[in-house]
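Summary of the model geometry
If you want the building blocks of each chain, they are given just below.
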Amino acid sequence: MKRHLGFWLAAGWAAVLVLPWHIGGVWPVFWPGGPQNGPSAGHGVPALIQGLLGRPWLLASVLPLLAALAGLRTTGGAKGGADGRARSAWLTAAGAGGLGWLLVESIAVTQPGLGLGAAVYAVVCLVLGAHGLALRGWCKGDVFIVASIGLVLGSILVFVGFPVVTILLSAVQDNDGRLTVVGLFDKLTDSGIWGLGCVLGTGSTCGVAWNTLALAGVVGVLTTGTGLAFALIAVRTGFRFKAALRLASILPVITPPFVIGLAIILLFGRAGVVTDLLSTLFDIPRSRWIYGMPGVAMAQILAFTPISFLVLVGVLQGVSPTLEEASQTLRATPWITFRTVTLPLIRPGLANAFLISFIESLADFGNPLVLGGNFDVLSTKIFYAVVGAAHDQGRAAVLAIILLSFTLSAFLAQRRWLGRRSYATVAGKGDAGLPSPLPSGVRIAASAVAALWTGLTVLVYGTILVGGFLKSLGRDNTLTLIHYQTAFGIETGPNGWWFSGSAWDSLFTTLGVSLVAMPLTAALGLLTAYLLVRQSFLGRGAFEFLTMLSFAIPGTVIGVSYILAFNTPPLELTGTGLILIIAFVFRNMPVGIRAGIATLSQIDKSLDEASLTLGARSFTTLRRVILPLLRPAIVTAMVYSFVRAITSVSAVIFLVTAKYNLATAYIVGRAEVGEYGLAIAYSSALIAIMVVALLAIQLLVGERRLGRRTAALPVSTSASKVNA
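Residues numbered from 1 in each chain as written. Predicted model: local features only at pLDDT ≥ 70, side-chain atom pairs only at ≥ 80, totals over all residues. Heavy atoms only, no water.

**So, the side chain of E105**
Stated formally: Strands here mean DSSP runs of E at least two residues long; helices mean DSSP runs of H or I at least four residues long; both are numbered from the N terminus. Note on classification: 1.4 Å probe, protein chains only; a residue is buried when its accessible area is under 20% of the maximum for its type, exposed when over 50%, partly exposed between these limits. For the purpose of counting charges, residues Lys and Arg are taken to be positive, whereas Asp and Glu are taken to be negative. His and the chain ends are not included. Here a salt bridge means any side-chain nitrogen of Lys or Arg lying within 4 Å of a carboxyl oxygen belonging to Asp or Glu. Think of a polar contact as two N or O atoms within 3.5 Å of one another; within protein, one of them needs to be a possible hydrogen donor and the other a possible acceptor, and neighboring residues in sequence only count if both atoms come from side chains. It only takes one pair of heavy atoms within 4.5 Å for two residues to be counted as in contact.
For E105, the location among the structural elements is in helix 4 (residues 82-108). As a buried residue without a salt bridge, E105 has its nearest oppositely charged side chain in R55, at a separation of 8.6 Å. Polar side-chain contacts of E105 include one of 3.5 Å to the side chain of W57. Not counting residues up to four positions away in its chain, the partners in contact with E105 are W21, W57, L58, Q111 and L114.

**Considerations on helix 26 (residues 577-600)**
Stated formally: Any helix carries an expected span of 1.5 Å times its number of residues minus one.
Across its 24 residues, helix 26 extends 34 Å between first and last C-alpha, which sits within 8% of the 34 Å expected from 1.5 Å per residue. In terms of residue burial, helix 26 counts as a mostly covered element, since 24 of its 24 residues are buried. For helix 26, the N-terminal cap is T576; the gap from its side-chain oxygen to the backbone nitrogen of L578 is 3.4 Å.

**Describing the environment of V458**
Here V458 is to be found in helix 21 (residues 440-467). Judged by its relative accessible area of 55%, V458 falls in the exposed class. The spatial distance from the C-alpha of V458 to the C-alpha of A248 is 8.0 Å, given a sequence separation of 210 residues.

**Examining helix 14 (residues 293-317)**
Taking 1.5 Å as the rise per residue, helix 14 with 25 residues should run 36 Å; its terminal C-alpha atoms sit 35 Å apart, in good agreement. Across the 25 residues that make up helix 14, a large majority, 22, are buried.

**Things to note about the nonpolar core**
The line we're drawing: Buried residues of nine kinds, namely Ala, Val, Leu, Ile, Met, Phe, Trp, Tyr and Cys, make up a nonpolar core once their side-chain atoms join them within 4.5 Å.
Core analysis: the biggest nonpolar cluster contains 150 residues, and I264, V460, F488, Y562, L580, F586 and Y682 have the highest contact counts within it. Each residue touching V460, except ones within four places of it in the same chain, is listed here: I260, A263, I264, L267 and L302. Counting residues in each nonpolar core, the second largest holds 28 residues, with A216, I359, L362 and F411 among its members.

See below:
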């Protein structure tokens, strides 16, 4: 413990003596900075030097470090001894005092935004406090668990709770900033939100809340069922082209959603290719049926089914074949085995897949914007409330509260459906069973669903890929490379080769931000899942709700809340690359959490207990026992975070700048001015890049090995062994 404390104390002293305390020119690619905020302005120097040069309150930053040093010099001893209590008191006081002082001085004193030194100092204080609490017996004296809970909770409160509270406070304010509770009630009971005219037959449309719920329910059920069909084919059949099936199943998730919407319009719109063909061959009248709930639902099902597939395929792989063999031994039919054994064991996966798809549909912005027509949903209403002519930020906050209540209700319903049953099927014992064959009806239904979905996907992506090579899809189908040359042109000059295409800057920024955010998102999400499933601590339910909060709020609200929360000190991040990384990490983290929870629910706790019995600490157990079994969840978290960081629109549309422009913002800009060919060409290039990245992730992480047979022994061999 002294060695670990010595390392963290050294980091703390470096934070106050070496690193810039306020915003400075450190890490210029991602960290806030620039000439106006650099060391020349006196902001990028360490806290101790600033304290000596005119900011005396910063000198107090050394006091918690001196207190921790005093605790380190104590003898130590057992947790219950006097020396252990003394060290615990010193370290707890150092951690709490350092964090409290940092919070108070950053809010009470007018000064620049906090920088790298303050960030390192906060982490050091958190770890010191965790050591002190562990010595008091918290979490069975495990420093790693206490520090992990503090790190996850603190980061969520800062980068999720604080922005959300900032935006929700405007719900009780008018546009001039005055409190108005009466206005809040009027906005909450608006007939445009809760109207039932479409049901009562009054001629008016349904309220936007009911539209959103109906769409999310339909999409959640259909995407979960379609994802299950793909997972069953991939895991439980001898289908020869599983690699192609997996690739086809994840194509939609690596495409900006509005591009899928645009392809659907070009295919099924009033002047679409399919519509024109049906009108010519079968004299079917042209219509605008695609604009509204049918079109939005179709686009969302195409976009969100891969998420359900990625969650369910890992869960199906973890189902123990021995349990299914036991059912067959009792002369159960394949259908009874599937209904009474297999389906109940994958309930965590089904529940998590539905919850993710449901929340994704609630928060989706691109598809309803392109295909919604007169069918309004909460996410688009929030967007127009923020950027529309009225600019009613209070109404946007009220709509966000309603959306959050829907998400919370779905979350509670999922927990109630799962109950307290155990779904563990991966234990320390060997498992030589073989999976039960799928019932013929299930196999046929899964194949039909997969075939229909794959056919529609091929049609949509054929339109996307071909459109980039046509001068104007649907109007002038002349083959050309002008769109790719405009976006990704490379020229030579007196100084050598240079990237002349207009899309290169946004592509390089997007890839850099995505590659940094991907491992952080996966690590934080899976660590949170481990804490929720494997640890018991006070307030775990509230902790889990906080982790899902950023996923529940629409991306447009997240973007606006980040601008409001981080546009001024103490956390002045707006206009930097760092705010993009933070937005991606905490926006996409819940998928890693849900995938990790679904997989951990199948891993028996006896594996953890065996490792702890052999003297391993929780960190060693997590690294050497749990993580190898979490490979499906790791792949899901990394794939989703990387892809969403590249394809996200709503969460970052307000955060990009000329210096830190992203691919999706570039594509939206081209589509707004009618350059659809350029937008589709850029999207096609992104698809190719992400396919290569996903294959690399799968190769890097690999697959978990559970020591199960892949083929049955011949009957004669089995019989001879039994006779022997």
